[in-house]
Amino acid sequence: MRLDGVGRRYGVRGPWVLREVQLDVPAGALLRIEGTNGSGKSTLLRLLAGIDRPTTGRITGRPRSAYVPERFPSALPFTAVGYLTHLGRIHGLRGPEPARRATEWLARFGAAGHARTPLAELSKGTSQKVAVVQALLAEPELLVLDEAWTGLDQGAREVLDRAVAERVADGGTVVFVDHDPQRLAGAADARYRVVDGRLLTHEESLPGEEPASAPGPRVIIEAEAAPGAALSGGTERSSAGAPRLPGAPEVVPQPDGTTRLTVPAVHSDALLRALLTARPPWHIRSVGRAGAEAGVRSGPGTATDVGSGSGTADAPAAAPTPTLAPAPDEAPHP
Ligand SMILES: Nc1ncnc2c1ncn2[C@@H]1O[C@H](COP(=O)(O)OP(=O)(O)OP(=O)(O)O)[C@@H](O)[C@H]1O
């Protein structure tokens, strides 16, 4: 799924809660969204889950999604298992499958004894378990968790931690918000912050802010530009007015004329796409994990030499920094 120039405000004259959000949501990844109270995290999660629409911009490639909202509507006229079975059917489960999965998940969360309790009579924590189970039983491609751990007892929190890991291991994507910095610590493939309506990677900082620390796994891309190469990716503008590259890579020109770009692993596909669709395209020399000895190297005519008739032998002595003017026919902002 991709968010392109997404903005959201409530009411025609309301302030913009989110502005110009660019986000690639890859498969099989765990993404953490951070931000202060009222910064727009839940607004972003509702857009990701497909239960709200952007005011501007586009969301494409939407996967099958399930969502645990910040506030669960517990006053519905169902028992716990009745509600979960109903939701399972809405998610496309047939026959006895939704009731079977509901019973299994309630047991896993230590709530089997409340299967027949009306939702309105459940304790806050058990009600939260039902909210979590309705999203998990669908085995969604995208699981969106808005402070889903809040109110759960310690055992249930650990069950949810494991369920998140299982979803990602099965190729699903999980996006979560939680105010506990230790929640799934070290497991997230990418961390973002909502600040002043902008979605920044954890590594990015606003002017005047201290740089953020401790990036996760990173990928190094060695690339070579044709003279005058301009990037078509990263249409969001930095404060300096230049297009911002996916993942805000660290860009270091090398003495041999190539450019080394280091980016959080989760953004490497988007960055490669931006380099390869630049006009003229950049030539990718190698891709590898930061900290690993050698990457996957390529030469002219190999699979990564996409569209390059750009003549790598003509590469300039000093590689340009890839934050050049956008290509002339770049699409205007929505
Ligand atoms: N339905 C709505 N109508 C009007 N304004 C809204 C609505 N939902 C959210 N807002 C406003 O949008 C802004 C962002 O709210 P949001 O709930 O997305 O923040 P948040 O980062 O999730 O906050 P918290 O950490 O407190 O949960 C707030 O100013 C809020 O008042």
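Remember, predicted model here, so these are calculated numbers, not experimental data. (Residues numbered from 1 in each chain as written. Predicted model: local features only at pLDDT ≥ 70, side-chain atom pairs only at ≥ 80, totals over all residues.)

Draft legend 1. Representation of the overall build of the protein. Along the protein, the regular secondary structure elements total six helices and 14 strands. The buried share of the protein, taken over its 334 residues, is 39%. Relative to all contacts within the protein whose residues are 6 or more apart in sequence, the contacts with residues 24 or more apart total 71%. (Helix = DSSP H or I, 4+ residues; strand = E, 2+ residues; numbered from the N terminus. Buried ≥ 20, exposed ≤ 12 C-beta atoms within 10 Å, placed from the backbone. Contact = placed C-beta atoms within 7 Å.)

Draft legend 2. Geometry of the environment of L276. In this fold, L276 is placed in helix α6 (residues 268-276). Here the alpha-carbon distance between L276 and A223, two residues 53 residues apart in the chain, equals 9.7 Å.

Draft legend 3. Region of the structure containing the site of the ligand. In the neighbourhood of the ligand, the contacting residues comprise Y10, V17, G35, N37, G38, S39, G40, K41, S42, T43 and E70. Considering every element that reaches the shell around the ligand, the biggest residue donor is helix α1 (residues 41-49), with three residues. Among the residues making up the shell around the ligand, the classes are represented as two nonpolar, seven polar and two charged. (Near = placed C-beta within 6 Å. Nonpolar A, V, L, I, M, F, W, Y, C, P; charged D, E, K, R; others polar.)

Draft legend 4. Representation of the sheet that holds strand β8 (residues 190-195). Reading across the sheet, the six strands line up as β5-β6-β7-β3-β8-β9 and stay open at both edges, with mixed pairing between neighbours. In the strand order of this sheet, the two ends are held by β5 (65-68) and β9 (198-201), each with one partner. Mean inter-strand twist for the sheet, computed between neighbouring axes without regard to direction, equals 20 degrees. Packing of α1 onto the sheet brings it into contact with β3 (30-34), β5, β6 (142-146), β7 (173-177), β8 and β9, and relative to β6 it is tilted by some 160 degrees. (Pairing = 2+ DSSP bridges. Axes fitted to C-alpha atoms, helices over the stretch in contact; angles between N-to-C directions.)

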